[in-house]
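A look at the structure
Next come the chains, spelled out residue by residue.
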Amino acid sequence: MRRALAAAALLLAASACSAPEATTAAAPATRADAPPAMGTNGAAVPALSWAPCHGGFQCASASVPLSYREPHGSQVSLAVIKLPATDPAHRMGSLFFNFGGPGSDGVGELTRFGARYPAELRARFDLVSFDPRGIGGSAPIHCPGAEDIHPGGSPLRPEQNAAFWSASAAPGKACAAGTGAELAHLSTANVARDLDLLRQAVGDQELNYYGYSYGTYLGGTYANLFPGRLRAMTLDGTLDLVANSTGKPGQEHEPVDVRADVATAQQQELEQFFAACTAAGPSNCAFAGGDPKAKFAAVFARLSHGPVGGVTTASLLQTIESALYQSGRWKRLGQVLAALVPSSAVAPAPVLDPYTPVHSTGFLAVQCLDSDVPEQLADYLPLAAAEEKRQPYFGLAPVFSMAQCVKWPARDEDRYTGPWNRPRPHPILVLNNRYDPATPLANAQATAAELGDGNLLVVDGFGHTSLDVHSACASAAVARYFIDLTPPADGATCAPDTAPFS
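Residues numbered from 1 in each chain as written. Predicted model: local features only at pLDDT ≥ 70, side-chain atom pairs only at ≥ 80, totals over all residues. Heavy atoms only, no water.

With 12 residues, helix H6 (residues 214–225) should reach 16 Å at 1.5 Å per residue; the first-to-last C-alpha distance of 17 Å fits that figure. With 12 of its 12 residues buried, H6 lies for the most part within the structure. Those residues of H6 that fall on the buried side of the exposure criterion are Tyr214, Gly215, Thr216, Tyr217, Leu218, Gly219, Gly220, Thr221, Tyr222, Ala223, Asn224 and Leu225. (Helix = DSSP H or I, 4+ residues; strand = E, 2+ residues; numbered from the N terminus. Expected span 1.5 Å × (residues − 1). Buried < 20%, exposed > 50% of the residue type's maximum accessible area, 1.4 Å probe, protein only.)

On to the state of the cysteines, then. This structure, assessed with the given rule, holds five disulfides. The disulfide bridge from Cys277 ends at Cys285, spanning 1.9 Å between sulfur atoms. Disulfide Cys277 to Cys285: torsion about the S-S bond roughly -90°, handedness left-handed. Judged by relative accessible area, Cys277 falls into the buried class, the value being 1%. Classification of Cys285 as buried rests on a relative accessible area of 0%. (Disulfide = S-S within 2.5 Å.)

Take the packing of helix H10 (residues 292–303) against helix H11 (residues 313–324) next. Close contact between H10 and H11 brings their axes to 9 Å; oriented N to C, the two are set at 140°. Put simply, H10 runs oblique to H11. Residues Phe296, Val299, Phe300 and Leu303 of H10 touch H11, and the partners they reach there are Thr313, Leu316, Leu317 and Ile320. Residue composition of the contact of H10 with H11, grouped by class: seven nonpolar, one polar and no charged. (Axes fitted to C-alpha atoms, helices over the stretch in contact; angles between N-to-C directions. Parallel < 35°, antiparallel > 145°, perpendicular 65-115°, else oblique. Contact = heavy atoms within 4.5 Å. Nonpolar A, V, L, I, M, F, W, Y, C, P; charged D, E, K, R; others polar.)

Another aspect to go through is the pattern of salt bridges. Counting across every chain of the model gives 14 salt bridges. In this structure, the salt-bridge partner of Asp353 is Arg157, at a minimum N-O distance of 2.8 Å. Of this pair, Asp353 sits in the loop between helix H12 (330–338) and helix H13 (361–370) while Arg157 is found in the loop between strand S5 (125–130) and helix H4 (161–179), placing the two residues 196 residues apart along the sequence. With a relative accessible area of 24%, Arg157 lands in the partly exposed category. With a closest N to O distance of 4.0 Å, Lys407 and Glu375 form a salt bridge. Of this pair, Lys407 sits in the loop between helix H15 (396–400) and strand S8 (428–435) while Glu375 sits in the loop between H13 and helix H14 (380–390), and the two are 32 residues apart along the sequence. (Salt bridge = Lys/Arg side-chain N within 4 Å of Asp/Glu carboxyl O.)

Another point: H14. Along H14, the residues classified as buried are Tyr380, Leu383, Ala384 and Glu387. The buried residues of H14 occupy an angular sector of 105° when the element is viewed end-on, so they sit on one face. Exposed side of H14, more than 90 degrees from the buried face: Pro382 and Lys389 are the residues found there. (Arc of directions from axis to C-beta.)

So, on to the sheet that holds strand S3 (residues 75–83). The mixed open sheet is built from 10 strands, whose spatial order is S1-S2-S3-S5-S4-S6-S7-S8-S9-S10. Among the strands making up the open sheet, the edge pair consists of strand S1 (51–53) and strand S10 (492–494). With direction set aside, neighbouring strand axes in the sheet form an average angle of 30°. The pairing of S3 with S5 spans four bridges and is classified as antiparallel. (Pairing = 2+ DSSP bridges.)

By size, the foremost hydrophobic cluster in this structure holds 63 residues, and its most contacted members are Phe273, Leu316, Ile320 and Trp408. A total of seven residues in this core trace back to one element, the largest contributor, which is helix H9 (residues 262–280). Core analysis: the next-biggest nonpolar cluster, separate from the first, contains 48 residues, Leu197, Tyr217, Leu218 and Val430 among them. (Core = buried A, V, L, I, M, F, W, Y, C linked by side-chain atoms within 4.5 Å.)

Along the chain, the position of Asp414 falls in the loop between H15 and S8. Polar side-chain contacts of Asp414 include one of 2.7 Å to the side chain of Arg69. In this view, Asp414 contacts Met38, Arg69, Ser187, Ala189, Asn190 and Arg193; residues no more than four positions away in its chain are not counted. (Polar contact = N/O pair within 3.5 Å; in protein donor to acceptor, adjacent residues only side chain to side chain.)

Running from N to C, helix H5 (residues 188–201) and H6 cross one another at 70°; their axes reach a closest spacing of 9 Å. Taken as axis vectors, H5 and H6 run roughly perpendicular relative to one another. In this structure, H5 crosses over H6, and the sense of that crossing is right-handed. For the pair H5 and H6, the contacting residues are Thr188, Ala189, Val191, Ala192, Arg193, Leu195, Asp196 and Arg199 in the first and Tyr214, Tyr217, Leu218, Thr221, Tyr222 and Leu225 in the second. Looking at side-chain class alone, the contact of H5 with H6 contains nine nonpolar, two polar and three charged residues. (Left-handed = near helix turned anticlockwise from the far one by under 90°.)

Right, let's get into unusual backbone geometry. The linkage connecting Gly101 with the following residue, Pro102, adopts the cis geometry, with an omega of -5°. With respect to the secondary-structure elements, Pro102 resides in the loop between strand S4 (93–98) and helix H2 (106–113). Between Gly418 and Pro419 the backbone carries a cis peptide bond, its omega angle lying at 5°. Even without being glycine, His54 reaches a positive phi, approximately 55°. Assignment of secondary structure puts His54 in the loop between S1 and strand S2 (57–65).

By the element assignment, Asn224 lies in helix H6. You can call Asn224 buried: its relative accessible area is 1%. If near-sequence neighbours (up to four positions away) are discounted, Asn224 is found in contact with Tyr416, Pro419, Trp420, Asn421, Arg422, Arg424 and Leu451.

Attention now moves to the confidence of the model for the protein chain. Mean pLDDT for the protein chain: 92, with 93% of residues reaching 70 or above. A low-confidence stretch, residues 3–34 stays under pLDDT 50, and its non-local contacts, those more than four residues away or across chains, total 80 contacts. (pLDDT = per-residue confidence, 0-100.)

Let's shift gears to the environment of Ser74. Tracing the backbone through its elements, the reader meets Ser74 in the loop between S2 and S3. For the pair Ser74 and Thr319, spaced 245 residues apart in sequence, the C-alpha separation works out to 44 Å. Setting aside its immediate chain neighbours within four residues, Ser74 contacts Val64, Pro65 and Leu66.

Quick look at the packing of aromatic side chains now. Here the structure, examined in full by the defined rule, presents 29 aromatic pairs. Considering the side-chain rings of Phe274 and Phe296, the 5.8 Å spacing of their centres and the 55° angle between planes classify their relative orientation as tilted. One end of the pair, Phe274, is in helix H9; the other, Phe296, is in helix H10, and 22 residues separate them in sequence. Each member of the pair, Phe274 as well as Phe296, is classed as buried. Through a chain of ring-to-ring contacts, three or more aromatic side chains come together here, namely Phe273, Phe274, Phe287, Phe296, Phe300, Trp330, Tyr393, Tyr435, Phe462 and Phe501. The ring of Phe287 carries Lys295 above its face, with NZ or CZ at 4.3 Å from the centroid. (Phe/Tyr/Trp six-rings, centres within 6.5 Å; stacked < 30°, edge-to-face > 60°. Lys NZ or Arg CZ within 6 Å of the ring centre and 35° of its normal.)

Written out as structure tokens, the structure reads:
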């Protein structure tokens, strides 16, 4: 979702046609007293010619402007998919989805998840998704050779620092060379403008939308670019809208994941893993027995001196990050940790080779336009020292998680940075797991406040979004909200359907 975790999962397994509507966004007086941002600017509504695809689905393509400043200029083609409503006589409209990323394709994800949604929701709505511009089947970017670029060196070793930043900048250079002008038009704000054209193309007067992880940022952006065109919206696994864009005053020298404080969220969920493992006992969790915090500290100290059986501090943290996304992986995590406990105490050494996340070019092409990042390399080492002191295990990775965005060779002048609280006719449902390692509950709470009309529903589970923490209670609440616009009470809670180690 928020990050590509395929490599981490592998490590865990191995080591274990109508007239255009208004030409600008609806613009009632806003609580932030800011002028309206550019909407679709008179762009033509695409005509969708649906054809059967993927067994039970229908597919189409939609032509939208490359730049909404030139709505009748160069166009890009978007891949669109829908799962038709099962009760056409009582159909209410379309429900659009974005499944996260950025960089994930909506067409493939809807074929994967479409059948999971409650029957009453599938009866009343066509489920619709699309590959965002630059991704999948929607004018994908080209970054020749980027897949062969690997991290070069450590940002914490003076002799390797230059190599690290050079390797971090290489994907952007490849994308600029292979993609050209499109690279500067891939912001989430332009995807939101595309979404409004698609809303019109399917014949809906108002948008119904469900966004996961990064899709919550797309949702928040749409809700403020087109507040008068929104009927219902659920944000699931919610990014802090301010943190993801500019940060609050005083956060100018912090990357987005530091502003969002994902390190604290990961630490809190790891402690929940310790507690659940202890309660499960050695027969269900190999890491049970003794003091789990002390044992983990011993494991980390041991790895700080060098690899053990090919496992490094960086690879272990990547494995843990993957496991925290889904508690079904906790049993295997217990086995991995148990195998690394040293037989005698080891004094910790400084971590000089931290886990530095590497992202897909699809992720970077969007995230690097949406989020301000510190551009001065001198800012990173002091911040790294402070964050490692604050969160010894997880503090370093967020500092360098957007290193590949530093000096990114494109800017989108039409990105959206607020305000986030434009008046809307109906409340937005904000859904979050209590322990989410990528989109912390504190982020969801912040976004509900930033929106001004967010109703927060908390699932008492562990993992990233309800896709990884299913809750029949939450699913029923979401379905009820989309059908009759009745959100659960702000602050309501739901239980997950399964528990760790069960």
